[in-house]
Amino acid sequence: MARLAVDVMLKPEILDPQGQAIARKLPQMGFEGIAGVRQGKRFELVVEGPADEAAVERVRKIADTLLANPVIETYEVHVLSDN
Amino acid sequence: MNAARVGVITFPGSLDDIDAMRALRLAGAEPVALWHADHDLRGIDAVVLPGGFSYGDYLRAGAIARFAPLMEQLVPAARAGLPVLGICNGFQVLCESHLLPGALLPNASRHFVCRDQRLRIDNADTVWTADYSAGQELVIPVKNMDGRYVADEETLTELEAAGRVVARYLDLNPNGSLNDIAGITNEAGNVVGLMPHPEHAAESLTGPSTDGLGFFTSIVKRLVTT
């Protein structure tokens, strides 16, 4: 078994009101020096077999068709652990 | 003469399918209930994708509904010219299915919005808006969590240049939609997505107006004359 992560982020040009709300709260909590916050999503998939090129490709296809909407989002696939 | 048969697809989590069928009946159509898991469009003449929270809106609004078995029939049929109206969640499903460009994101205010909304019809040439006139103003309810229409600059320019913005918010933009967009159409004019709910403005007893009926009478007249 292998574990792969898919990180999904809104494209930079798209307004992220949730990230903005978080960024506005930080100074009130005493955290200074944060110029911006963007909120994304993370998926972790447990894949049968090794984290080989085929597995990464399969997860990339899942990300592209379902987990992310390429019209508004970008995604990255990472291997977390192999067998 | 047979009444126009207009399907309404119910997904798990659809809320406004019954209201959509009632509005269609008031407009003179024969509503046909369709189930998301079926594989057959039952020979309908047009389809309405109703509002609600299909599949709980998990992942993204409309993202999972897009892959429903009946959508696999609907997408090619819509590309071949079948008239389709997506209302609210239905609009989200049409964008996720790439039948319409762009996407609908959570409201800029981060709050659910429910209000009687003034709109302007900007395109009265689609099969769903022919009973209106361009520039006509309506008041119909808007109620959504994910109603902020976004598209890249190029798409937006193309929509505006081709007159594909069907309806625009007046007075107040309830969700932060780009260019105050409340509804758009595909290039052919047979697929329309609309965030506000015309099916909730079809009877004076329960709606703020009957301004929404025009979407349904438009398609009925269109189907009778073709």
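Residues numbered from 1 in each chain as written. Chains lettered and ligands numbered in written order. Predicted model: local features only at pLDDT ≥ 70, side-chain atom pairs only at ≥ 80, totals over all residues. Heavy atoms only, no water.

Asks: Where do I start with the overall build of chain A in this structure?
Replies: Counting secondary structure elements, chain A contains two helices and three strands. In sequence order, the secondary structure elements of chain A are arranged as β-α-β-α-β. Taking the principal axes of its C-alpha atoms as reference, chain A extends roughly 45 × 30 × 15 Å. Expressed as a percentage of its 83 residues, the buried residues of chain A come to 30%. For chain A, contacts bridging at least 24 residues in sequence account for 74% of all contacts bridging at least 6. About 5200 Å² of surface is accessible on chain A, with carbon and sulfur atoms providing 56% of the total. Each charge class in chain A can be summarised by its mean position, and for the 10 positive and 13 negative side chains these summaries are 6 Å apart. (Helix = DSSP H or I, 4+ residues; strand = E, 2+ residues; numbered from the N terminus. Buried < 20%, exposed > 50% of the residue type's maximum accessible area, 1.4 Å probe, protein only. Contact = heavy atoms within 4.5 Å. Areas by Shrake-Rupley, 256 points an atom, 1.4 Å probe, with all protein chains shown as cover. Lys, Arg positive; Asp, Glu negative; His and termini not counted. Charge placed at Lys NZ, Arg CZ, Asp CG, Glu CD.)

Asks: Please clarify how a negative patch on the surface should be interpreted in this entry.
Replies: Residues A:Glu13, B:Asp152, B:Glu153 and B:Glu154 make up a contiguous surface patch of negative charge. Assignment of secondary structure puts A:Glu13 in the loop between β1 (2-10) and α1 (17-28). (Patch = residues over 30% accessible without salt bridge, like charges linked within 9 Å, V, L, I, M, F, W, Y side chains within 5 Å. Salt bridge = Lys/Arg side-chain N within 4 Å of Asp/Glu carboxyl O.)

Asks: Quick question: what am I supposed to make of the packing of aromatic side chains here?
Replies: The geometry of two aromatic rings is summed up by the distance between their centres and the angle between their planes. Residue and element names in this part refer to chain B. In the structure shown here, the tally under the stated rule is two aromatic pairs over all chains. Taking the centre distance of 6.1 Å and the plane angle of 15° together, the rings of Phe91 and Tyr149 count as stacked. With a gap of 58 residues between them, Phe91 in helix α3 (residues 89-96) and Tyr149 in strand β8 (residues 148-150) connect regions that are remote in the sequence. (Phe/Tyr/Trp six-rings, centres within 6.5 Å; stacked < 30°, edge-to-face > 60°.)

Asks: Where do I start with the interface of chain A and chain B in this structure?
Replies: Frequently, the measure chosen for interface size is the accessible area that the parts lose on association. Taken residue by residue, the interface counts 17 residues in chain A and 15 residues in chain B. Counting each side, the surface lost to burial between chain A and chain B is near 1200 Å², with a carbon and sulfur contribution of 64%. Three residues stand out in chain A for area buried against chain B, namely A:Pro17, A:Leu66 and A:Asn69, and they jointly supply 35% of the buried area on that side. Our count for the contact surface shared by chain A and chain B stands at one salt bridge. Between A:Glu73 and B:Arg60 there is a salt bridge; the shortest N-O distance is 3.7 Å. Among the elements of the structure, α1, β2 (41-47) and α2 (53-67) of chain A are those that each provide at least two residues to the side of chain A that touches chain B. Ranked by residues supplied to the side of chain A that touches chain B, first place goes to α1(A) with four residues. Of the residues assigned to the side of chain A that touches chain B, the class counts are eleven nonpolar, three polar and three charged. (Buried area = accessible area lost by both parts, 1.4 Å probe. Nonpolar A, V, L, I, M, F, W, Y, C, P; charged D, E, K, R; others polar.)

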